[in-house]
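# Fold and contact review
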Amino acid sequence: MTDLAHMLAQRIREHGPISVADYMAAAAAHYYGRRDPLGVRGDFVTAPEVSQMFGELLGLWCVAGWQAIGAPSRFILAELGPGRGTLMRDALRAARSVPQFVGAAELHLVETSPIMRQRQGAALADHRPHWHGRIEEIPEGPMLLIANEFFDALPVRQFVCGVKGWQERHVGLHDEGFAFVLDEAVCAWLPAAPQGSVREVSPAALAYADWLGRRVAQQDGAALLIDYGYSTSACGDTLQAVRGHRRHPVLCDPGEADLTAHVDFAAVADAASKAGARVHGPLAQGAFLRALGIEVRAERLMAAAPSLSATVAAGLRRLTAADAMGSLFKVLAIAHPRLLLPALQ
Ligand SMILES: C[S@@+](CC[C@H](N)C(=O)[O-])C[C@H]1O[C@@H](n2cnc3c(N)ncnc32)[C@H](O)[C@@H]1O
């Protein structure tokens with residue numbers, strides 16, 4: 001058993017089973033606090049690590065967003081969970097063609113992991129980033145924000161529909177390990193569904209969406225969320241753990257595998273709209289990147305360095321093909337209601 005598993009087992013012995021959300025939150029804090037999980041030698045690879053084109057196109061999207069808010073001489077350029085800083089580094093390099101944008105950007109990174117902060121510091125030293133542990137610490141002002149594969153790591157509560165109705169799934173103890181159990185209480189607020197259905201609700205994701213919606217509606221700007229998930233709220237058990245690029249049992253080795261759930265984009269959009277923002281999308285990642293010109297960018301990169309053509313073509317395919325990241329991954333913008341945003345109209 002890992003240290004975290006011992007701690008969680010002790011907590012359950014003393015206080016009873018914990019919610020799936022509490023289990024996920026403890027596992028995520030431990031997991032990201034102790035390693036850089038990205039890359040071929042890590043547990044998984046994200047879009048900015050697949051190809052520089054991803055960050056470059058998001059950088060150009062931010063330039064268009066900055067122009068849409070009137071090209072202010074100072075604005076907040078923010079990222080949630082920036083990983084190795086690769087996305088933002090590529091974005092700012094692509095944005096150098098508009099020096100006023102780079103000069104006006106004040107870079108703010110929301111990151112809890114000290115190891116990942118170090119990585120980001122190395123990648124973005126030229127841009128003097130400011131770090132925050134919580135989104136609420138980002139200073140006031142018009143803001144453009146990016147979050148790639150951030151919402152999927154936020155804890156979800158799971159509910160199971162049985163003979164009594166909806167009951168919350170908790171994590172308890174069984175023999176030497178953890179096991180799912182059902183809480184006694186019946187929840188009347190979820191819509192009817194066939195027996196055996198699982199429904200996921202992420203209070204943390206809704207709180208971020210509410211904060212972002214309020215912020216851009218009141219102070220101008222837009223947030224671009226990219227993640228895997230579903231466009232219409234539906235039942236389904238999407239909780240998964242990944243370790244060494246393979247699926248791992250979700251209740252084994254908490255804190256040693258990446259634990260995620262698919263993002264309910266409809267619920268996120270609803271929370272942001274209720275907070276006063278206008279929501280654009282979700283649009284499939286492949287369609288979004290093609291609308292931003294990824295094919296032209298790939299051709300230019302291949303022409304400039306023919307020896308890298310196969311790598312560029314593989315990156316293009318992985319980011320856009322429907323059987324790769326092109327359709328499971330989706331893009332949602334939360335924006336000030338007056339803004340027109342590229343690739344999402
Ligand atoms: C899946 S990685 C994505 C990294 C990056 N966006 C990318 O696309 O390569 C998740 C990132 O979010 C950070 N993170 C996870 N939970 C967080 C939280 N609650 N608050 C702030 N950062 C968090 C992790 O340390 C990591 O940098």
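Residues numbered from 1 in each chain as written. Predicted model: local features only at pLDDT ≥ 70, side-chain atom pairs only at ≥ 80, totals over all residues. Heavy atoms only, no water.

## Section: the overall build of the protein chain
Looking only at helices and strands, the protein chain features twelve helices and 16 strands. At 21 Å, the protein chain has a C-alpha radius of gyration in line with the 20 Å of a compact globule built from 345 residues. For the protein chain, the spread of C-alpha atoms along the three principal axes comes to 60 × 45 × 35 Å. Out of the 345 residues in the protein chain, the part that is buried amounts to 54%. Partitioning the contacts of the protein chain with sequence separation of at least 6, the portion at a separation of at least 24 is 76%. Of the accessible surface of the protein chain, which amounts to about 15,100 Å², a share of 53% is contributed by carbon and sulfur atoms. Of the side chains in the protein chain, 32 bear a positive and 35 a negative charge, and the two mean positions are spaced by 5 Å. (Helix = DSSP H or I, 4+ residues; strand = E, 2+ residues; numbered from the N terminus. Rg over C-alpha atoms; globule rule 2.2 N^0.38 Å. Buried < 20%, exposed > 50% of the residue type's maximum accessible area, 1.4 Å probe, protein only. Contact = heavy atoms within 4.5 Å. Areas by Shrake-Rupley, 256 points an atom, 1.4 Å probe, with all protein chains shown as cover. Lys, Arg positive; Asp, Glu negative; His and termini not counted. Charge placed at Lys NZ, Arg CZ, Asp CG, Glu CD.)

## Focus: helix α4 (residues 52–68)
With 17 residues, α4 extends 25 Å from end C-alpha to end C-alpha; this agrees with the ideal 24 Å at 1.5 Å per step. Among the 17 residues of α4, twelve are classified as buried, and the element is accordingly described as predominantly covered. All of the buried residues along α4 are Met53, Phe54, Gly55, Glu56, Leu57, Leu58, Gly59, Trp61, Cys62, Val63, Gly65 and Trp66. Looking at the residues trailing α4, positive phi occurs at Gly70, about 95°. (Expected span 1.5 Å × (residues − 1).)

## Topic: the nonpolar core
Membership of the largest hydrophobic core comes to 48 residues, with the highest contact counts inside it found for Trp61, Leu77, Phe101, Leu224 and Phe288. With eight residues, the top contributor of residues to this core is α4. Excluding its chain neighbours within four sequence positions, the residues that come into contact with Leu77 are Cys62, Met88, Leu92, Phe101, Ala105, Glu106, Leu107, His108 and Leu144. One finds Phe151, Ala209, Phe265 and Leu332 within the second-largest nonpolar core, a separate group that totals 29 residues. (Core = buried A, V, L, I, M, F, W, Y, C linked by side-chain atoms within 4.5 Å.)

## As for the site of the ligand
Inspection of the region around the ligand gives 16 residues, with Thr46, Gly81, Gly83, Glu111 and Asn148 positioned closest. A distance of 2.7 Å separates a nitrogen atom of the ligand from a polar backbone atom of Gly81. Contact distances for the ligand include 2.7 Å between an oxygen atom and a side-chain N or O atom of Asn148. Relative to its unbound accessible area of 600 Å², the ligand is 92% covered by the protein chains. Among the residues making up the shell around the ligand, the classes are represented as seven nonpolar, six polar and three charged. (Near = heavy atom within 4 Å. Polar contact = N/O pair within 3.5 Å; in protein donor to acceptor, adjacent residues only side chain to side chain. Nonpolar A, V, L, I, M, F, W, Y, C, P; charged D, E, K, R; others polar.)

## Section: the packing of aromatic side chains
Two numbers describe a pair of aromatic rings. These are the distance of the centres and the angle of the planes. Overall, the coordinates contain ten aromatic pairs when judged by the stated rule. On the basis of an interplanar angle of 85° and a centroid distance of 5.7 Å, the ring pair of Trp66 and Phe101 is categorised as edge-to-face. Of this pair, Trp66 sits in helix α4 while Phe101 sits in helix α6 (residues 99–104), and the two are 35 residues apart along the sequence. Judged by its relative accessible area of 1%, Phe101 falls in the buried class. Ring pairing ties together the aromatic residues Trp66, Phe75 and Phe101, which thus form one cluster. The aromatic ring of Phe180 is capped on one face by Arg169, whose charged end is 4.5 Å from the ring centroid. (Phe/Tyr/Trp six-rings, centres within 6.5 Å; stacked < 30°, edge-to-face > 60°. Lys NZ or Arg CZ within 6 Å of the ring centre and 35° of its normal.)

## A short note on the environment of Pro249
Inspection of the secondary structure assignment puts Pro249 in the loop between β12 (246–248) and β13 (258–260). Under the relative-accessibility criterion, Pro249 is labelled partly exposed at 49%. Sequence spacing of Pro249 and Met1 is 248 residues, and the spatial spacing of their C-alpha atoms is 14 Å.

## Re the packing of α4 against helix α11 (residues 294–304)
Contact geometry of α4 with α11 gives a least axis separation of 11 Å together with a crossing angle of 125°. Regarding the angle of α4 to α11, the classification is oblique. Crossing geometry of α4 relative to α11 is assigned as right-handed. On the side of α4, the interface is formed by Gln52, Met53, Glu56 and Leu57, while α11 contributes Ile294, Arg297, Ala298 and Leu301. Its residues placed into classes, the contact of α4 with α11 shows five nonpolar, one polar and two charged. (Axes fitted to C-alpha atoms, helices over the stretch in contact; angles between N-to-C directions. Parallel < 35°, antiparallel > 145°, perpendicular 65-115°, else oblique. Left-handed = near helix turned anticlockwise from the far one by under 90°.)

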